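Close look at the chain arrangement
If you want the building blocks of each chain, they are given just below.
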Amino acid sequence: MQPHDFWQEIHPPHTFERLPDGGHRGFFPAEFEDGRQLRLPIRELADGKHALASLIINQAGFAVEEALCASLAEKVSAFEPEVVIGLPTLGLTLARGTAKKLGHSRYVPFGTSRKFWYREELSVPMSSITSPEQMKRLYLDPRMLPLIENRRVLLMDDVISSGRSIVAALELLDSCGIRPVAIGAAMLQTSAWKEPVSAIYSHSPDRVVGVLRTPRLKRALAGGWIPE
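Keep in mind that what you see is a predicted model, and the values were worked out from it rather than measured. (Residues numbered from 1 in each chain as written. Predicted model: local features only at pLDDT ≥ 70, side-chain atom pairs only at ≥ 80, totals over all residues. Heavy atoms only, no water.)

The subject of this paragraph is the overall build of the protein. In terms of helices and strands, the protein carries five helices and 13 strands. The C-alpha atoms of the protein give a radius of gyration of 18 Å, which matches the 17 Å a tight globule of 228 residues would have. Projecting the C-alpha coordinates of the protein onto the three principal axes gives extents of approximately 55 × 35 × 30 Å. Per-residue burial for the protein yields a buried fraction of 51% across its 228 residues. Pairs at least 24 residues apart make up 66% of the contacts formed inside the protein by residues separated by at least 6 positions. Summing over all exposed atoms, the protein offers an accessible surface of approximately 11400 Å²; the carbon and sulfur share of this is 49%. Between the mean site of the 27 positive side-chain charges and the mean site of the 26 negative ones, the protein shows a separation of 2 Å. (Helix = DSSP H or I, 4+ residues; strand = E, 2+ residues; numbered from the N terminus. Rg over C-alpha atoms; globule rule 2.2 N^0.38 Å. Buried < 20%, exposed > 50% of the residue type's maximum accessible area, 1.4 Å probe, protein only. Contact = heavy atoms within 4.5 Å. Areas by Shrake-Rupley, 256 points an atom, 1.4 Å probe, with all protein chains shown as cover. Lys, Arg positive; Asp, Glu negative; His and termini not counted. Charge placed at Lys NZ, Arg CZ, Asp CG, Glu CD.)

Right, here's the structure in full:
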């Protein structure tokens, strides 16, 4: 596959083997709950022995983005969210689409770019697994605060992996006296997020909802990648 071919098409159930002989090579077939499959590129980690399946939602085909948002909206509807909050950068794409599927007229975006009218007390430091060396601040626009106070809030990111970004968002919401009714993501990547998120969000993992779930991969003897 060419790099630009990933996350452009959803395939019928059983199109690709779950555990091929010799392991997965080049891509990992992540599955929707109904068995449909989405090819995700395998990203080798620095140790050379492990890898992760990657999803970049703002590079996805519109049909794939639509399917992820529709599936997530269906999964979180039971929590009756009244407002959706999206984490930058890629979580904003998912939050916007899911809010529309839920019938909302808008969503609330967190930001990492400080505007002159922002207040430092409505911000927290944040880093992510994809850019751990870059310490940013996560901001809530003060003008958005009335939209989320005393509301049933759904917090959303594109991928939850280490849990760092979600924990930062939970800390920011907690400073505003807000606890989300649920957390949503297009993909839950490994289970490394569970411990740090559970430490601050007592509902975890029952109210952490993902469309796709992908494991940490390890190198197989035959050279491919298999779930660890």
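From this point on, the discussion continues.
Its location among the elements puts A46 in the loop between β3 (37–44) and β4 (50–53). Residues A46 and P20, 26 residues apart in the sequence, show an inter-C-alpha distance of 24 Å.

This part is about the sheet that holds strand β6 (residues 108–109). Taken together, the five strands give an open sheet; going across it, the order is β6-β5-β9-β10-β11, and neighbouring strands pair in parallel fashion. Each edge of the sheet is formed by a strand with only one pairing partner; in this case those strands are β6 and β11 (208–214). Pairing geometry for strand β9 (residues 153–160) and strand β10 (residues 182–189), over six bridges, is parallel. Bridge pairing in β10 links V159 to M187. Along the sheet, helix α2 (residues 90–101) contacts β5 (83–86), β6, β9 and β10; its crossing angle with β9, the most-contacted strand, is approximately 135°. Most of the contacts of helix α4 (residues 164–175) go to β9, to which it runs at about 160°, and overall it touches β5, β9 and β10. (Pairing = 2+ DSSP bridges. Axes fitted to C-alpha atoms, helices over the stretch in contact; angles between N-to-C directions.)

Turning our attention to α2. Look at α2: 18 Å from first C-alpha to last across twelve residues, which is about the 16 Å you get at 1.5 Å a residue. All buried positions along α2 are accounted for by L90, G91, L94, A95, G97, T98 and A99. The inward-facing, buried residues of α2 abut α1 (62–76), β5, β9 and β10. Phi turns positive, to about 90°, at G103, one or two residues after α2. (Expected span 1.5 Å × (residues − 1).)

Moving on, we get to unusual backbone geometry. At the junction of P88 and T89, the peptide bond is cis and its omega measures out at 0° in the coordinates. Phi at W7 is positive, roughly 50°, even though this residue is not glycine.

Moving on, we get to the nonpolar core. Ranked by internal contacts, the top residues of the largest apolar core, which has 40 residues, are L38, L40, L55, L68, L94 and L212. Elements with a minimum of two residues in this core: β2 (27–31), β3, β4, α1, α2, β9, β10 and β11. Among the elements that make up this core, the one with the highest residue count is α1 (six residues). Those residues within four positions of L94 in sequence are excluded, and the remaining contacts are I57, L68, C69, L72, M156, D157, D158, A185 and A186. By size, the runner-up hydrophobic cluster in this structure holds 32 residues, among which are V83, L145, I160 and V197. (Core = buried A, V, L, I, M, F, W, Y, C linked by side-chain atoms within 4.5 Å.)

A few words on the environment of M144. Residue placement: M144 occurs in the loop between β8 (136–139) and α3 (145–148). M144 gets classed as buried once you look at its relative accessible area, which sits at 14%. Apart from residues lying up to four places away in sequence, M144 is in contact with R106 and V108.

Take the packing of aromatic side chains next. This structure, assessed with the given rule, holds five aromatic pairs. Measuring from ring centre to ring centre gives 6.2 Å for F6 and W7, while their planes differ by 50°; the resulting arrangement is tilted. Relative accessible area serves as the criterion here: at 8%, F6 is assigned to the buried category. Each ring, one from W117 and one from Y118, has its centre 5.8 Å from the other, and the planes form 85°; the classification is edge-to-face. W117 gets classed as partly exposed once you look at its relative accessible area, which sits at 34%. Classification of Y118 as buried rests on a relative accessible area of 11%. Over the aromatic face of F32 sits the side chain of R36, whose NZ or CZ is 4.5 Å from the ring centroid. For the cation-ring pair, R39 lies above F27, with the distance from its terminal atom to the ring centre recorded as 5.8 Å. (Phe/Tyr/Trp six-rings, centres within 6.5 Å; stacked < 30°, edge-to-face > 60°. Lys NZ or Arg CZ within 6 Å of the ring centre and 35° of its normal.)

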